[in-house]
Each structure stands twice: as structure tokens, then as C-alpha cells.
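Tertiary structure, described
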Amino acid sequence: MTHMEPALIYKALSNDTRRQILEWLKNPAEYFDDTPYVREGISFQTGVCVSDIQIKSGLAQSVISSYLCTMLNAGLLESERVGKWTFYRRNEKTIREFAAYIQNDL
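In the annotation of an unreviewed UniProt entry, the entry for the protein reads HTH-type transcriptional regulator YbzH, and the organism field reads Brevibacillus reuszeri.

Structure below.
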């Protein structure tokens, strides 16, 4: 996404679990065990593995994958593939742009 699209962000933020995922990813060390990441030489700067997000949420993997896709399409998340795993982290640039939009334009 080259520019912020508020409508997609509103849709992504309209779900409690998606908002909760954003909260978890804001400070992953508070919500996830980093032991397996350290063992693999990965830090939370890479992101949090989709399977860890799924386990924490208690929802089906297909549901979480759909939620992550919605947030990715809205620009709220970035993803990085490492081997067979996909890691997600917040896209702070888009979040800042959206906050400025709310503050200045809405």
C-alpha cells in the first residue's frame, strides 16, 4: 500500500481481536515468550510468528490468518517470511499517519 486508506483501517479496527493483536504487537515481550525466537536467532523486531498469535488468541488459525490479512491490507501490519514461518509486526508509519489523520483531518 503506497498511501494510507482510512476506510481499510476503520474496517480492520472494527474487530476487538484485531485491536488486541495490535496491542500485543506493540510490546511483544510482554505478551509472548521469546525463548523459541532467541533459539532461532530471531528477535521480536522481526515480528511475532502467526502460530504464536493464533495460540494466544485461542481462535482457529484460519480466522487469525484472515484477521492478519485484513490488517496487512490496511497497512497496519508488516510481514516477513523467515524459512517456513511468517512473522508479523506493527507498521508504525501507517499507525502514526492514521493518528495524525484522526487528529488533524477528521
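1. Quick word on helix α2 (residues 16-26)
What α2 keeps buried is the set Thr17, Arg18, Ile21, Leu22, Trp24 and Leu25. Along the axis of α2, the buried residues cluster in a sector spanning 160°; they form a single face. For α2, the exposed residues lying more than 90 degrees away from the buried face are Asp16 and Lys26. Here α2 starts with a cap whose side-chain oxygen sits 2.8 Å from the backbone nitrogen of threonine 17, and that cap is asparagine 15.

2. Some details on the packing of aromatic side chains
Using the criterion set out here, one finds five aromatic pairs in the structure. On the numbers, 5.4 Å between centres and 75° between planes, the contact of tyrosine 10 with phenylalanine 98 is edge-to-face. With tyrosine 10 in helix α1 (residues 6-13) and phenylalanine 98 in helix α7 (residues 92-104), the pair connects residues that are 88 residues apart, well separated along the chain. Tyrosine 10 gets classed as partly exposed once you look at its relative accessible area, which sits at 36%. Ring geometry for phenylalanine 98 versus tyrosine 101: centroids 6.1 Å apart, planes at 25°, classification stacked.

3. Structural notes on the pattern of salt bridges
Applying the stated criterion to the full structure yields five salt bridges. Between aspartate 16 and arginine 19 there is a salt bridge whose closest N-O contact spans 2.1 Å. One end of the pair is aspartate 16 and the other is arginine 19, both in helix α2 and three residues apart, which spans about a single turn. For arginine 19, a relative accessible area of 36% translates into the label partly exposed.

4. Let's talk about the side chain of arginine 18
Mapped onto the secondary structure, arginine 18 falls in helix α2. Aspartate 16 provides the closest opposite charge to the buried, salt-bridge-free arginine 18, at an N-O distance of 9.4 Å. The residues touching arginine 18, leaving out its near neighbours within four places in the chain, are Lys11, Ala12, Tyr67, Thr70 and Met71.

Thresholds applied
- Counting restarts for each chain, with residues numbered from 1 along the sequence as it is written.
- The predicted nature of this model means local features are confined to residues of pLDDT at least 70 and side-chain atom pairs, given and counted, to a pLDDT of 80 or more, with totals for whole chains, interfaces and linings taken over all residues.
- Neither water nor hydrogens contribute to the side-chain values; these are computed over all heavy atoms in the structure.
- Remark: exposure states derive from per-residue accessible area (1.4 Å probe, protein chains only) relative to the maximum for the residue type, with buried under 20%, exposed over 50%, and partly exposed in between.
- Starting at the N terminus, helices and strands are each numbered in turn, a helix being any DSSP run of H or I of at least four residues and a strand any DSSP run of E of at least two.
- The arc in question is traced by the directions running from the helix axis to the C-beta atoms.
- Two N or O atoms count as a polar contact when they lie within 3.5 Å, although within protein this holds only if one can serve as hydrogen donor and the other as acceptor, and sequence-adjacent residues are included solely when both atoms are side-chain atoms.
- Pairing of aromatic side chains requires ring centres within 6.5 Å, counting the rings of Phe and Tyr and the six-membered ring of Trp. Pairs whose planes differ by under 30 degrees are stacked, by over 60 edge-to-face, and all others tilted.
- Any carboxyl oxygen of Asp or Glu that lies within 4 Å of a side-chain nitrogen of Lys or Arg is treated as forming a salt bridge with it.
- In summary, the charge assignment counts Lys and Arg as positive and Asp and Glu as negative, without counting His or the chain termini.
- Should any heavy atoms of two residues lie within 4.5 Å, those residues are considered in contact.

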